[in-house]
Amino acid sequence: VLNFLSYKDALVLLLREVLNRIQFRYNQAQLEELDDETLDDDQQTEWQRYLRQSLEVVAKVMELLPSHAFSTLFPVLQENLDVYLGLQQFIVTTGTSRLNITAENDCRRLHCSLRDLSSLLQAVGRLAEYFIGEVFAARFSDALAVVERLVEVTCYGSQTSLYDLETAVPSVLKPDLTDVHAQALAALQAYSHWLAQFYSEVHSQNQTQFITLITSAVNASSPLITAKVPEKLLLSACHLMVSITATVRPVFLVTLPAVQNIFNLITTENQTRRLPPEAHMLVCRALSSMLLLPWPNLPESEQQWQTRSSNHASLLAALTREYRILRGTVNITPRQPGLDGMKAVIQQTLPVLRDIVESISGESTKSRQFCYQSLQESVQVSLSLFPVFIQQPDVTDEMLAFFLTLFQALRVQMGVAFTGQIIHTFLSMFTREQLAASILQEGSAGCRVVQKFLKILQVVVQEPGQAFKPFLPSILSLCMEQVYPVVAERSSPDVKAEMFELLYQILHQNWRYFFKTSVLTSVQRGAADDTMENEAQFTAAMQAFGQSFLQPDIHIFKQNLSYLESLNSKHKLYHRKLFRTSMLFHFINVLLQVLLHKSHDLLQEEITLAIYNMASVDFEAFYSAFMPEFLNGCQGVDTSQRAVLARNFKLERDLPSFTQSVQRLVNDLRYYRLCNSSLPTGTIKL
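Residues numbered from 1 in each chain as written. Predicted model: local features only at pLDDT ≥ 70, side-chain atom pairs only at ≥ 80, totals over all residues. Heavy atoms only, no water.

Asker: What am I meant to see in the confidence of the model for the protein here?
Answerer: When pLDDT is low, close inspection of the predicted coordinates is not appropriate. For the protein, per-residue confidence averages 90 on the pLDDT scale, and residues scoring 70 or more make up 95% of the total. Per-element confidence in the protein ranges from a low mean pLDDT of 56 for helix α23 (residues 519–525) to a high of 97 for helix α10 (residues 231–248). (pLDDT = per-residue confidence, 0-100. Helix = DSSP H or I, 4+ residues; strand = E, 2+ residues; numbered from the N terminus.)

Asker: How should the nonpolar core be read in this particular structure?
Answerer: Soluble globular proteins tend to pack their nonpolar side chains together in the buried interior. Counting 247 residues, the largest nonpolar core has Trp194 and Phe538 as its most contacted members. With 11 residues, the top contributor of residues to this core is helix α17 (residues 393–414). Those residues within four positions of Trp194 in sequence are excluded, and the remaining contacts are Phe131, Ile132, Phe136, Phe140, Ala143, Leu144, Val147 and Leu213. (Core = buried A, V, L, I, M, F, W, Y, C linked by side-chain atoms within 4.5 Å. Buried < 20%, exposed > 50% of the residue type's maximum accessible area, 1.4 Å probe, protein only. Contact = heavy atoms within 4.5 Å.)

Asker: Looking at this model, I keep getting lost on the state of the cysteines. Mind explaining?
Answerer: What makes a disulfide is a covalent bond joining the sulfur atoms belonging to two cysteines. Per the counting criterion, the structure on display carries 0 disulfides. Cys447 takes part in no disulfide bond, and the closest cysteine sulfur to it belongs to Cys479, at a distance of 15 Å. Judged by relative accessible area, which is 0%, Cys479 ranks as buried. (Disulfide = S-S within 2.5 Å.)

Asker: How do you make sense of helix α11 (residues 257–267) when you look at a structure like this?
Answerer: Count 3.6 residues to each turn of an α-helix, and residues three or four apart come out pointing the same way. All of the buried residues along α11 are Ala258, Val259, Ile262, Phe263, Leu265, Ile266 and Thr267. In the core, the buried residues of α11 are packed alongside α9 (208–221), α10, α12 (277–292), α13 (305–319) and α14 (321–325).

Asker: Just to check I follow, could you spell out the layout of surface pockets for this structure?
Answerer: The gaps of empty space that remain are located by a probe, the size of a water molecule, rolled over the atoms. Approximately 500 Å³ is the volume attributed to the largest pocket. No other element matches helix α5 (residues 104–126), which puts 7 residues into the lining of the largest pocket. Taken together, the residues of the lining of the largest pocket break down into 6 nonpolar, 8 polar and 8 charged. (1 Å grid on protein atoms, 1.4 Å probe; cavity = no way out; pocket = protein on both sides within 12 Å on 5 of 7 lines; lining within 4 Å. Points joined across faces, edges and corners; volume = space filled by probe spheres on them. Nonpolar A, V, L, I, M, F, W, Y, C, P; charged D, E, K, R; others polar.)

Asker: Would you explain the pattern of salt bridges in this entry?
Answerer: Charged atoms that come close allow side chains of opposite charge to pair. In the structure shown here, the tally under the stated rule is 27 salt bridges. Across the pair Arg25 and Glu79 runs a salt bridge, and its minimum N-O distance is 2.6 Å. In this pair, Arg25 is assigned in helix α2 (residues 24–32) and Glu79 in helix α4 (residues 66–85), connecting sequence segments 54 residues apart. The exposure class of Glu79 is partly exposed, given its relative accessible area of 41%. Where Arg448 meets Asp397, a salt bridge forms, and the shortest distance between an N and an O atom there is 3.2 Å. With Arg448 in helix α20 (residues 445–461) and Asp397 in helix α17, this pair connects stretches of sequence that are 51 residues apart. Residue Arg448 is classed as partly exposed on the basis of its relative accessible area of 36%. For Asp397, a relative accessible area of 12% corresponds to the buried category. Three or more residues joined by partner-sharing salt bridges are found here, namely Asp40, Asp42 and Arg49. (Salt bridge = Lys/Arg side-chain N within 4 Å of Asp/Glu carboxyl O.)

Asker: Can you walk me through the side chain of His181 in this structure?
Answerer: Among the secondary structure elements, His181 is positioned in helix α7 (residues 170–190). We classify His181 as buried; its relative accessible area is 1%. The residues contacting His181, other than those within four sequence positions of it, are Tyr84, Thr154, Gly157, Ser158, Tyr163, Leu224 and Leu233.

Asker: Just to check I follow, could you spell out the environment of Ala279 for this structure?
Answerer: Checked against the element boundaries, Ala279 lands in helix α12. On the basis of relative accessible area, Ala279 is assigned to the buried category, the value being 0%.

Asker: I would appreciate a short explanation of the side chain of Thr45 in the present structure.
Answerer: Looking at the element boundaries, Thr45 is found in the loop between α2 and α3 (46–64). Residue class for Thr45 comes out buried when judged on its relative accessible area of 4%. Apart from the residues within four sequence positions on either side, Thr45 is in contact with Asp35, Asp36, Glu37, Thr38 and Leu39.

Asker: Help me out: how do you make sense of the packing of helix α8 (residues 192–202) against α9 in this one?
Answerer: Relative placement of two packed helices is described by the angle separating their axes and the distance separating the axes. Between α8 and α9, the least distance of the axes is 10 Å, while the angle of their chain directions is 150°. Taken together, the axes of α8 and α9 lie roughly antiparallel to each other. Crossing of α8 over α9 shows left-handed handedness. Facing α8, whose interface residues are Trp194, Leu195, Phe198, Tyr199 and Val202, α9 presents Gln209, Phe210, Leu213 and Ile214. Counted by class, the contact of α8 with α9 contains 8 nonpolar, 1 polar and no charged residues. (Axes fitted to C-alpha atoms, helices over the stretch in contact; angles between N-to-C directions. Parallel < 35°, antiparallel > 145°, perpendicular 65-115°, else oblique. Left-handed = near helix turned anticlockwise from the far one by under 90°.)

Asker: Is there a simple way to think about empty space enclosed by the protein in this case?
Answerer: Taken as a whole, this structure holds 6 cavities of 30 Å³ or more when the rule is applied. The computed volume of the largest cavity comes to approximately 60 Å³. Lining the largest cavity, in full, are Leu595, Asp601, Gln604, Thr608, Val662, Gln663, Val666, Asn667 and Arg670. In terms of residue count, helix α31 (residues 655–678) provides more of the lining of the largest cavity than any other element does, 5 residues in total. Residues that form the lining of the largest cavity fall into these classes: 3 nonpolar, 4 polar and 2 charged.

Asker: Would you explain the packing of α10 against α12 in this entry?
Answerer: At a minimum axis separation of 8 Å, α10 and α12 run at an interaxial angle of 20°. Judged by the inter-axis angle, α10 sits roughly parallel to α12. Both α10 and α12 take part in a crossing whose hand is left-handed. Where α10 abuts α12, its residues Leu234, Leu235, Cys238, His239, Met241, Val242 and Thr245 lie against Glu278, Ala279, Leu282, Val283, Arg285, Ala286, Ser289 and Met290. Its residues assigned to classes, the contact of α10 with α12 shows 10 nonpolar, 3 polar and 2 charged.

Asker: Is there a simple way to explain the packing of aromatic side chains in this structure?
Answerer: Summed over all chains, the structure comprises 43 aromatic pairs. With centroids separated by 5.1 Å and ring planes inclined at 90°, the aromatic side chains of Tyr513 and Phe514 adopt a geometry described as edge-to-face. The exposure classification of Tyr513 matches that of Phe514, with both residues buried. Among the aromatic residues, those joined into a cluster by ring pairs are Phe585, Tyr612, Phe619, Phe622, Tyr623, Phe626, Phe630, Phe649 and Phe658. Across the ring face of Phe515, the terminal group of Arg576 is positioned such that the distance to the ring centre comes to 4.8 Å. (Phe/Tyr/Trp six-rings, centres within 6.5 Å; stacked < 30°, edge-to-face > 60°. Lys NZ or Arg CZ within 6 Å of the ring centre and 35° of its normal.)

Written as structure tokens, this is what we have:
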């Protein structure tokens with residue numbers, strides 16, 4: 001008991017000390033030395049990193065001593081909040097609103113207090129996870145106190161528009177006031193899972209308290225969703241709305257006047273009021289989620305799908321108004337007037353639609369179905385515009401990103417016929433010249449277009465059933481005859497990675513396209529009975545994999561080696577007659593040469609395991625036929641050295657012993673070569 005008490009006291013002391021260290025009030029000299037402008041590799045400033053590490057300590061103490069930690073932190077937060085909430089008395093509204101605090105000392109104290117409040121709000125947000133789950137009921141009153149306080153602060157900030165006040169030191173106090181407001185919204189957002197649990201616990205009882213919290217939170221966010229507000233604050237308000245609509249999902253949300261205001265802002269045509277792109281996307285996602293995501297705690301019959309889906313259709317019709325007008329465009333010329341305007345419409349609309357689709361990709365069939373209904377016309381417009389803009393890689397990149405998301409999330413809803421039409425259009429548009437020109441500009445939009453196209457085909461070839469099987473020959477031919485010749489002798493790492501992934505998926509998901517018999521049948525009838533089809537394409541694919549092992553790119557090497565191993569474990573690739581008789585020894589030879597050259601030493605284990613798996617298909621042939629031939633062809637060693645190498649390479653069948661044998665062979669062979677190359681010419685006969 002004594003030990004625990006002293007340990008408890010020590011933790012509380014640690015917490016107090018850490019809280020003091022992150023406050024300017026107690027630690028100004030040290031904190032002001034921390035840089036808050038230069039970003040490191042993790043996109044954090046020195047100050048943000050210091051604060052984050054300190055908050056992790058606070059969170060750890062909260063995990064171990066929840067009640068002590070809370071009773072230490074909350075009063076400190078309250079104290080700083082009182083200063084912030086008390087600013088109202090200093091607001092003078094004659095003419096423009098300004099903050100009537102001018103003495104230099106007062107301004108400095110206010111600056112320190114606001115910086116501290118911002119840090120403490122982040123601390124309170126970081127602790128949100130310790131109030132949910134099994135401890136929800138036990139810690140309910142503490143969490144409620146925090147959430148009520150956060151709601152009060154965010155409403156106060158929005159009502160008084162503190163971020164908009166004129167101040168004595170605008171370059172310091174204005175960012176401080178904006179930051180506190182943004183952090184209060186972010187802290188409230190951190191409690192969205194707690195609000196969701198609160199909602200499910202009280203849904204059948206008195207909901208007044210819950211409704212008040214949500215309504216106030218929305219009322220605090222809504223006035224900030226305008227282009228006039230500093231972007232940091234605007235984004236915090238948008239993120240809070242996204243969490244309320246996606247995580248909490250209150251049934252009454254759509255009826256709130258503040259939500260109606262946001263809806264009107266987004267759906268009315270007024271470019272001057274348009275939000276910055278990220279904020280616009282977040283608000284569209286929030287409105288879409290509110291209409292598409294199932295309400296918790298309610299049966300299917302009370303989900304009001306009909307009303308909600310027609311509202312969603314209206315929302316998307318408004319968001320795509322300008323985009324759908326482009327439908328009639330038949331051809332474009334590079335200098336066409338208005339081309340930039342058309343491109344801008346496409347590049348503004350498609351990312352928003354893509355984001356909406358991604359946000360419901362893991363949801364119920366109903367949500368996906370209504371989403372596709374609302375999108376259907378825009379999808380058809382996109383397909384009709386694709387050939388028109390094929391020479392504009394920045395536009396096709398955006399279009400393919402959209403189609404890739406559709407294929408990943410809504411292919412069932414799109415149906416086989418229309419999906420087939422899309423694939424057909426793409427396959428016919430990407431000519432060999434088009435692909436070559438795009439791939440050769442590494443890192444360009446054209447290159448990204450090819451990557452996305454290959455990703456779409458990966459989704460298609462993985463689809464179960466027969467629907468897309470007719471496309472296999474043209475997909476394989478595109479892969480092997482159009483893309484592969486262009487990338488084979490170049491580095492093109494990004495396109496290459498996607499192309500080999502596509503090749504692997506074709507082989508893995510469509511094995512019967514090449515081998516009619518199942519693994520079981522071939523085992524029962526003896527390996528000789530390997531009925532093959534499309535042999536030339538299979539051989540070409542294997543040659544492409546083999547060729548990649550001769551190139552320096554270690555990432556492609558690792559990826560492709562794992563693909564071969566996977567095909568072996570799932571389909572017994574190495575045991576297939578064609579592979580065993582005409583490819584197996586070539587692959588083992590290439591892998592041994594790679595070990596000898598030390599070019600891919602990081603993958604030594606993986607390479608040795610693959611050699612073992614290939615050799616174990618027929619150990620007799622490996623030791624009696626392959627090894628003598630391999631040693632015979634080894635350059636840089638003489639006959640007696642070859643004999644020593646052969647004698648030392650023991651006939652091992654278990655993996656650990658085999659691995660040791662291979663390592664010894666490689667090391668000895670390297671050693672002989674090194675010694676021989678350092679001797680005067682003619683000393684030994686090689």
